[in-house]
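Next come the chains, spelled out residue by residue.
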Amino acid sequence: MGAFTSGGADLAVIGAAGKTGAAVVAALEKKASVRRVVHTARRADDRAVDLETGAGLREALSGCRGVYFIAPNVHPDEPALLRRVLAAATEGGVDHVVYHSVAWPYTPDMPHHLDKARCEDELHRYGGVRWTVLQPCAYAENFAAVLDGSVNTLAVPYDPDAVFSFVGLADVAEAAARVLIEGADIHHGATYELGGPEELSVRQLCRRAPGSVVVGQVPVADWMDRHGGDLTVDARARLAAMFDFYDRHGFVAGSTQLRALLGRRPVGVTDLVGAM
Ligand SMILES: NC(=O)c1ccc[n+]([C@@H]2O[C@H](COP(=O)([O-])OP(=O)(O)OC[C@H]3O[C@@H](n4cnc5c(N)ncnc54)[C@H](OP(=O)(O)O)[C@@H]3O)[C@@H](O)[C@H]2O)c1
């Protein structure tokens, strides 16, 4: 991404301290003036907001040319958060809202995907700002501990032979940075599906790990007992529905649009081994 610049105006990333947000900020900071919009301020220039109430949002977004909206994972009402962001963006004079959705948003069996489909629909009908939607598939970095060799067993709560188009988070972030920096004149009205370059199962991903990794399937309830302690009942239900869907259908997405945005082949899982 050498040819485009932000034109001097600020770009805001909502969810900037999270896994996705940190990657988007890192990609943007090379080229643009970035406002980190967070829940809990960690740096002096962080803009703290509460998406549940809208507190701080208008001030955080005011005067920005573009805003990247990343919602907290498996939130019980993502459309309500989006509405607050859109209202604050309009009041703050923002031109372009880029929404971090997901591949296959209209999947009624996965309520958190369906909420992202509802968000996309609200964005289409809103009218107060110009917009773009990014739809990433599952990140390869969800398996960072496998890819960096720090685990030798992995238990997933779905069929380890179900296939995914794992996408590199840095590639998603680079695509997001390009869309934000080039802005609405080029990207308004576009929805970009962002899958990785190959279909792989979790078992195949594990075979590419630096060491030997034993992969198996555990019941969803066992996975929740081990990993879901801090989750709300609603979040557990949403994740359980996702795991059930993955078990039956996997989760694949095309890489053509990501390749076009990057101007190169997206990275594959093998490229990430040892790179994290
Ligand atoms: N993981 C994947 O493979 C994948 C693929 C496609 C799409 N996605 C989507 O990507 C999104 C982000 O996922 P992630 O794993 O990057 O999330 P994450 O690391 O959990 O980050 C979410 C951020 O939301 C912020 N937040 C929470 N409550 C808030 C509130 N009330 N007001 C303002 N901010 C609040 C938190 O801010 P603080 O840290 O400041 O508290 C946190 O940094 C999700 O919507 C997910 O569906 C994920």
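Criteria and cut-off values
Residues numbered from 1 in each chain as written. Predicted model: local features only at pLDDT ≥ 70, side-chain atom pairs only at ≥ 80, totals over all residues. Heavy atoms only, no water. Core = buried A, V, L, I, M, F, W, Y, C linked by side-chain atoms within 4.5 Å. Buried < 20%, exposed > 50% of the residue type's maximum accessible area, 1.4 Å probe, protein only. Helix = DSSP H or I, 4+ residues; strand = E, 2+ residues; numbered from the N terminus. Contact = heavy atoms within 4.5 Å. Salt bridge = Lys/Arg side-chain N within 4 Å of Asp/Glu carboxyl O.

Caption draft 1: Quick look at the nonpolar core. Residues Phe 143, Leu 154, Phe 164, Phe 166 and Val 202 are the most contacted members of the largest nonpolar core, which totals 35 residues. When contributions to this core are tallied by element, the ones reaching two or more residues are α5 (144–147), β7 (153–156), α8 (202–207), α9 (220–227), α10 (233–249) and α12 (269–272). Broken down by element, this core gets its largest block of residues, 6 residues, from α10. The contact partners of Leu 154, leaving out residues within four places of it in the chain, are Phe 143, Val 146, Val 202, Cys 206, Val 213, Val 214, Val 215 and Gly 216. Membership of the second largest hydrophobic core comes to 31 residues, among which are Val 25, Val 167, Ala 175 and Ala 177.

Caption draft 2: Just the pattern of salt bridges, in detail. Throughout the structure, instances matching the rule amount to 21 salt bridges. One salt bridge in this structure joins Glu 91 and Arg 58, with 3.2 Å as the shortest N-O distance. With a gap of 33 residues between them, Glu 91 in helix α3 (residues 78–91) and Arg 58 in helix α2 (residues 57–61) connect regions that are remote in the sequence. Residue classification places Arg 58 among the partly exposed positions, given a relative accessible area of 45%. A salt bridge links Asp 171 to Arg 264, with the shortest nitrogen-to-oxygen separation between them at 2.7 Å. Of the two residues, Asp 171 is situated in helix α6 (residues 169–182) and Arg 264 in the loop between α11 (256–262) and α12; the sequence distance between them amounts to 93 residues. What you see here is one network of salt bridges that share partners, running through Asp 115, Arg 118, Asp 234 and Arg 238.

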